[in-house]
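# Commentary on secondary and tertiary structure
As a plain string of letters, each chain reads:
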Amino acid sequence: MRLYLASTSPARRQLLRQAGIEPLLLAPGVDEEAAVADHEAEHGPLAPQELVQLLAQRKAEAIIGRDVDGAPIDGLILGGDSAFLVDGVLHGKPHRPDVARERWAGQNGRSGVLWSGHWVIDHRGGAVRGAVGRPASAVVEFARLDDAEIDAYIATGEPLAVAGAFTVDSLGGPFIRSVDGDPSTVVGLSLSTLRDLVRELGVAWIDLWDLGTN
């Protein structure tokens, strides 16, 4: 069964591949800041888990109705979003070196909570048959980095495009002392949570395996 990933994240794609799933990536084209601002204007401030869930749902829903290689989507659609909470402040991708440096100044040698949202739409047969979602979290404890390490890490560009300005599965891995929770949550989606959601939709996890391409 095909899994359509409403994301262009290389990390999420690789994570799914390592779990035996070959996702088809589709850029959702969601204006995240506008989506959050519109929702909060009507409903008030979002808690961290609510924010990542809102964006995960919006991303998944954004690709409904699209054709892929001339055919309608037939399978499961997955939307995801992540953000990092430190001292009560939620951080997404820093995008700029100065912002990444500021983030590291606040989290160096400390810990925070990485939140990942998940929204799965059952789109088998080319139509929406149901949807489920759930957030997951993991506590990340950082090592103490010196200024040279922080500057060198930021200079690689890796921290600029990831929530919290760090990775656990690449260059940032040695800077992580521990992860309390599903480690894949820190990469961008919780595989154990995704398995539970897929099963709630009546789909066996192993039916998503595409081992011939891995």
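Residues numbered from 1 in each chain as written. Predicted model: local features only at pLDDT ≥ 70, side-chain atom pairs only at ≥ 80, totals over all residues. Heavy atoms only, no water.

### Things to note about unusual backbone geometry
Filter applied, for reference: Each helix is a run of H or I in the DSSP string that is no shorter than four residues. Each strand is a run of E no shorter than two, and both are numbered from the N terminus.
In this model, D87 sits at a positive phi of 55°, which is unusual for a non-glycine residue. Considering the arrangement of structural elements, one finds D87 in the loop between β5 (75-86) and β6 (89-91). Its identity is not glycine, yet H95 carries a phi of approximately 70°, on the positive side. Structurally, H95 can be placed in the loop between β6 and α4 (97-107).

### Observations concerning the UniProt feature "active site" (unreviewed entry) in the chain
Filter applied, for reference: UniProt positions are given in the numbering used here, feature names are shortened, and annotations may be inferred rather than shown by experiment. Three labels apply to residues, based on accessible area from a 1.4 Å probe with only protein chains included: buried if under 20% of the type maximum, exposed if over 50%, partly exposed otherwise in between. Distance and chemistry together define a polar contact, namely a pair of N or O atoms within 3.5 Å, with one atom able to donate a hydrogen and the other to accept it when in protein, and with adjacent residues in sequence counting only for side-chain atoms on both sides.
Feature annotation in UniProt assigns "active site" (unreviewed entry) to the following positions: D81. Inspection of the secondary structure assignment puts D81 in strand β5. Classification of D81 as buried rests on a relative accessible area of 5%. A polar side-chain atom of D81 sits 2.9 Å from a polar atom in the side chain of K59.

### Quick word on the side chain of Q107
What counts, and what does not: Residues are treated as being in contact if the distance between any of their heavy atoms lies within 4.5 Å.
Note that Q107 resides in helix α4. There is a polar contact of 3.0 Å between the side chain of Q107 and the backbone oxygen of G164. Apart from residues lying up to four places away in sequence, Q107 is in contact with F84, V86, F142, G164 and F166.

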